[in-house]
Amino acid sequence: MRKGNIFHTENPVNRLDEEFFETMLTGNDCRLERIISNGHSTPVGQWYDQELDEWVLLVQGKATLEFENRLLISMNPGDYLFIAAHQKHRVASTSTDPACFWLALHGKFATEDAIY
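Computed from a predicted model, the values in this text were never measured in an experiment. (Residues numbered from 1 in each chain as written. Predicted model: local features only at pLDDT ≥ 70, side-chain atom pairs only at ≥ 80, totals over all residues. Heavy atoms only, no water.)

**Student:** In this structure, what is going on with the confidence of the model for the protein? I would like to understand it.
**Tutor:** In regions of low pLDDT, the predicted coordinates are not meant to be interpreted in detail. The predicted model of the protein has a mean per-residue pLDDT of 90, with 94% of residues at 70 or higher. Averaged pLDDT values over the elements of the protein bottom out at 92 in strand E1 (residues 20–27) and peak at 98 in strand E5 (residues 72–75). (pLDDT = per-residue confidence, 0-100. Helix = DSSP H or I, 4+ residues; strand = E, 2+ residues; numbered from the N terminus.)

Listed below in structure tokens is the structure:
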């Protein structure tokens, strides 16, 4: 048994120099991550191009994701999004007050709800 709290971090959130990534669970072809962003963004011109699908839930904060086709998706607490494998995207912005707490589930999923 492993108990934790999604909002707990060893470092104070306002002192994170880089986004914080923690693998919480792994399984057959899937991984659950906790991500903490505090005013972070993906460098301009850099894109995530992932081998696995990603389902992401914004638990706290506000964020904007950008897709290679220039589509911007604003996210608020409770919003979730399915991103298909190899769908190039980046984090355009994340809030600082409060910081963003995310859950990201990576795997091979049967859905057609991807953003194109």
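**Student:** I would appreciate a short explanation of the sheet that holds E5 in the present structure.
**Tutor:** Strand-to-strand pairing in sheets goes through backbone hydrogen bonds, with the strands running parallel or antiparallel. An order of E5-E4-E7 is seen for the three strands of this open sheet, with the pairing classed as antiparallel. In this open sheet, the two strands that pair with only one neighbour each are E5 and strand E7 (89–94). Within the sheet, the average angular offset between the axes of one strand and its neighbour, ignoring direction, is 25°. Bridging between strand E4 (residues 63–67) and E5 involves four bridges; their strand directions are antiparallel. Within the sheet, the bridge partner assigned to Thr64 lies in E5 and is Ser74. (Pairing = 2+ DSSP bridges. Axes fitted to C-alpha atoms, helices over the stretch in contact; angles between N-to-C directions.)

**Student:** Before we go on, may I ask you to explain the pattern of salt bridges in this structure?
**Tutor:** A side chain of one charge can pair with a side chain of the opposite charge when the charged atoms of the two come close. One pass over the structure, following the stated rule, counts five salt bridges. For the salt bridge of Glu66 with Arg90, the shortest nitrogen-to-oxygen distance reads 2.8 Å. Of this pair, Glu66 sits in strand E4 while Arg90 sits in strand E7, and the two are 24 residues apart along the sequence. The pair Glu66 / Arg90 is uniform in exposure class, with both members buried. (Salt bridge = Lys/Arg side-chain N within 4 Å of Asp/Glu carboxyl O. Buried < 20%, exposed > 50% of the residue type's maximum accessible area, 1.4 Å probe, protein only.)

**Student:** Is there a simple way to think about the pairing of strand E3 (residues 53–60) in this case?
**Tutor:** Looking along a regular strand, one sees the side chains alternate between the two faces of the sheet. Examined bridge by bridge, E3 and strand E8 (residues 100–107) share seven bridges and lie antiparallel to one another. Residue pairing for E8: Glu54 is matched across the bridge by His106. Bridge analysis of E3 against strand E6 (residues 80–83) gives four bridges, and the strand direction is antiparallel. Counted as the bridge partner of Val56 is Leu81 from E6.

**Student:** For this particular structure, what's the right way to read the packing of aromatic side chains?
**Tutor:** Two aromatic rings, taken as a pair, are described by how far apart their centres are and by the angle between their planes. Tallied over the entire structure, the rule returns two aromatic pairs. Here Trp55 and Tyr80 contribute two aromatic rings whose centre-to-centre distance is 5.5 Å and whose plane-to-plane angle is 35°, an arrangement assigned as tilted. One end of the pair, Trp55, is in strand E3; the other, Tyr80, is in strand E6, and 25 residues separate them in sequence. Here Tyr80 falls in the exposed class, since its relative accessible area comes to 57%. (Phe/Tyr/Trp six-rings, centres within 6.5 Å; stacked < 30°, edge-to-face > 60°.)

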